[in-house]
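The lines below spell out each chain.
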Amino acid sequence: MTTPPKLVDPFQRAITYLRVSVTDRCDFRCVYCMSENMTFLPKKELLTLEELDRLCSAFVSQGVRKLRITGGEPLVRRGIMGFFENMSRHLDSGALKELTLTTNGSQLRKYAADLARFGVRRVNISLDTLDPAKFAAITRWGRLAQVLDGIEAALEAGLRVKINSVALKGTNDDELFDLVDWCARKDMDLTFIEVMPMGDIGNEDRLDQYWSLNDVRAELASRHSLSDSAESSGGPARYVRLKESGQKVGFITPLSHNFCESCNRVRLTCTGQLFQCLGQEGEFDLRRALREHPDDDAPIVEAIHKAIALKPKGHDFDYSRQQVSGQMTRHMSHTGG
Ligand code: SAM
Ligand code: SF4
């Protein structure tokens, strides 16, 4: 007999997946994500690693089975390996099925082996281009060689790697097959992400950057036979398989697809705000419950249930009519994407 889910939202969706941003800081300044001169949050606003542990553990006690650590860049948070080590107890107990992270890869040479030791099996690494000059232009502060070395370290540590590439018109639209072939050679999955209207990023123009994934897919189909894969993570990703090689390619199209009916996830910011939906401003403060009740987890569990009861049905992004509507003022680095 399977136990009934503990966290169920008003639309009968079981919430089993928590994405946690552990820092708003980053060693890169990607043009679609941050402005060059970011003001970061004062340290006291951030949850401590102990608070993050308490909160994540409360979610796990309420049926969360998958935890994705993100940021900002999660691996630049001081002491983050201790957090992974502590979280691995939930993998050992069987309560948690998957502990994973999304990273820009810059610190993986240093940490990949430890991540594997603490039970991480898969990692998403963001990489939009294989061209060093373009990489520097997109990330402003990043260096391609360091990230490629990080990817090698992850593979050497036995981690399964998925590459996430933001599809950017005029930037990586001539690299589709280079990226596909490179991932195939290294046996890595590849997912394209449509650029989303998150945060004020300075002078960058979203519509100029926007490369529709319908177009990416059509171009892929000009060289490969594609078969739709039924695989779903309960999120905005849809997958195809290239018939010739079996390679899997994903498309994350939050703007042109409605995936909300199967949504199983919520997002926790580094300040303890729970976002029930990526595309809505609604949030719920869990930090207050944490700080007001340092020795009692019951009020935290209660607050989590209250927050889930407010999860909205869907989101409002829309690029149609050639203007960015449903624009979110918060940055992706705040909620972790
Ligand atoms: N720093 C880590 C990284 O880059 O993988 C984790 C955090 S980052 C905010 C998570 C993902 O969001 C990355 O794959 C990044 O490319 C993506 N992202 C950031 N801003 C975006 C935007 N405006 N539209 C679409 N994807 C975006
Ligand atoms: Fe940093 Fe990731 Fe945002 Fe790039 S996408 S600036 S690596 S948080």
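Here, every reference points to the structure presented above.
Here we summarise the structure given alongside this text. A quick note: this is a predicted structure, and the numbers were derived from the prediction, not measured. (Residues numbered from 1 in each chain as written. Chains lettered and ligands numbered in written order. Predicted model: local features only at pLDDT ≥ 70, side-chain atom pairs only at ≥ 80, totals over all residues. Heavy atoms only, no water.)

1. Structural notes on the packing of helix 1 (residues 49-61) against helix 2 (residues 80-93)
For any two helices packed against each other, the geometry comes down to the angle between their axes and how far apart the axes lie. Across the interface, helix 1 lies against helix 2 with an axial gap of 10 Å and an inter-helix angle of 25°. Here helix 2 runs roughly parallel to helix 1, going by the angle between their axes. In the crossing of helix 1 with helix 2, the sense of the turn from one axis to the other is right-handed. Facing Leu49, Leu52, Asp53, Cys56, Ser57 and Val60 of helix 1, the residues of helix 2 in contact are Ile80, Phe83, Asn86, Met87, Arg89 and His90. Looking at side-chain class alone, the contact of helix 1 with helix 2 contains seven nonpolar, three polar and two charged residues. (Axes fitted to C-alpha atoms, helices over the stretch in contact; angles between N-to-C directions. Helix = DSSP H or I, 4+ residues; strand = E, 2+ residues; numbered from the N terminus. Parallel < 35°, antiparallel > 145°, perpendicular 65-115°, else oblique. Left-handed = near helix turned anticlockwise from the far one by under 90°. Contact = heavy atoms within 4.5 Å. Nonpolar A, V, L, I, M, F, W, Y, C, P; charged D, E, K, R; others polar.)

2. Remarks on the nonpolar core
Leu18, Phe59, Phe84, Ile163, Leu220 and Leu274 are the most contacted members of the largest nonpolar core, which has 96 residues in total. Of all the elements, helix 1 adds the most residues to this core, at seven residues. Apart from residues no more than four positions distant in its own chain, Phe59 is found in contact with Leu7, Leu18, Val64, Val266, Leu274, Leu286 and Ile304. (Core = buried A, V, L, I, M, F, W, Y, C linked by side-chain atoms within 4.5 Å. Buried < 20%, exposed > 50% of the residue type's maximum accessible area, 1.4 Å probe, protein only.)

3. Remarks on the site of ligand 1
Taken together, 18 residues form the shell around ligand 1, and within it Tyr32, Gly72, Glu73, Ser126 and Met196 come nearest. Within the contact set of ligand 1, a nitrogen atom lies 3.2 Å away from a side-chain nitrogen or oxygen of Glu73. Here Ser126 contributes a side-chain N or O atom positioned 2.5 Å from an oxygen atom of ligand 1. Expressed as a share of its isolated accessible area of 540 Å², the protein-covered part of ligand 1 is 94%. Counting only elements with at least two residues in the shell around ligand 1, the list comes to strand 3 (98-103) and strand 6 (189-194). Partitioning the shell around ligand 1 into residue classes produces seven nonpolar, eight polar and three charged. (Near = heavy atom within 4 Å. Polar contact = N/O pair within 3.5 Å; in protein donor to acceptor, adjacent residues only side chain to side chain. Areas by Shrake-Rupley, 256 points an atom, 1.4 Å probe, with all protein chains shown as cover.)

4. Some points on the pattern of salt bridges
In total, this model carries 19 salt bridges according to the counting rule given. Two residues, Asp24 and Arg25, come together in a salt bridge whose shortest N-O distance is 3.8 Å. A salt bridge links Asp187 to Arg160; its shortest N-O distance comes to 3.1 Å. In this pair, Asp187 is assigned in the loop between helix 6 (176-185) and strand 6 and Arg160 in strand 5 (residues 160-167), connecting sequence segments 27 residues apart. Taking relative accessible area as the criterion, Asp187 reaches 52% and is therefore assigned exposed. The class for Arg160 is partly exposed, based on a relative accessible area of 33%. Taken together, the shared-partner salt bridges in this structure form one network comprising Arg109, Asp149 and Glu156. (Salt bridge = Lys/Arg side-chain N within 4 Å of Asp/Glu carboxyl O.)

So far we have only geometry, and geometry alone does not tell us how the molecule works.
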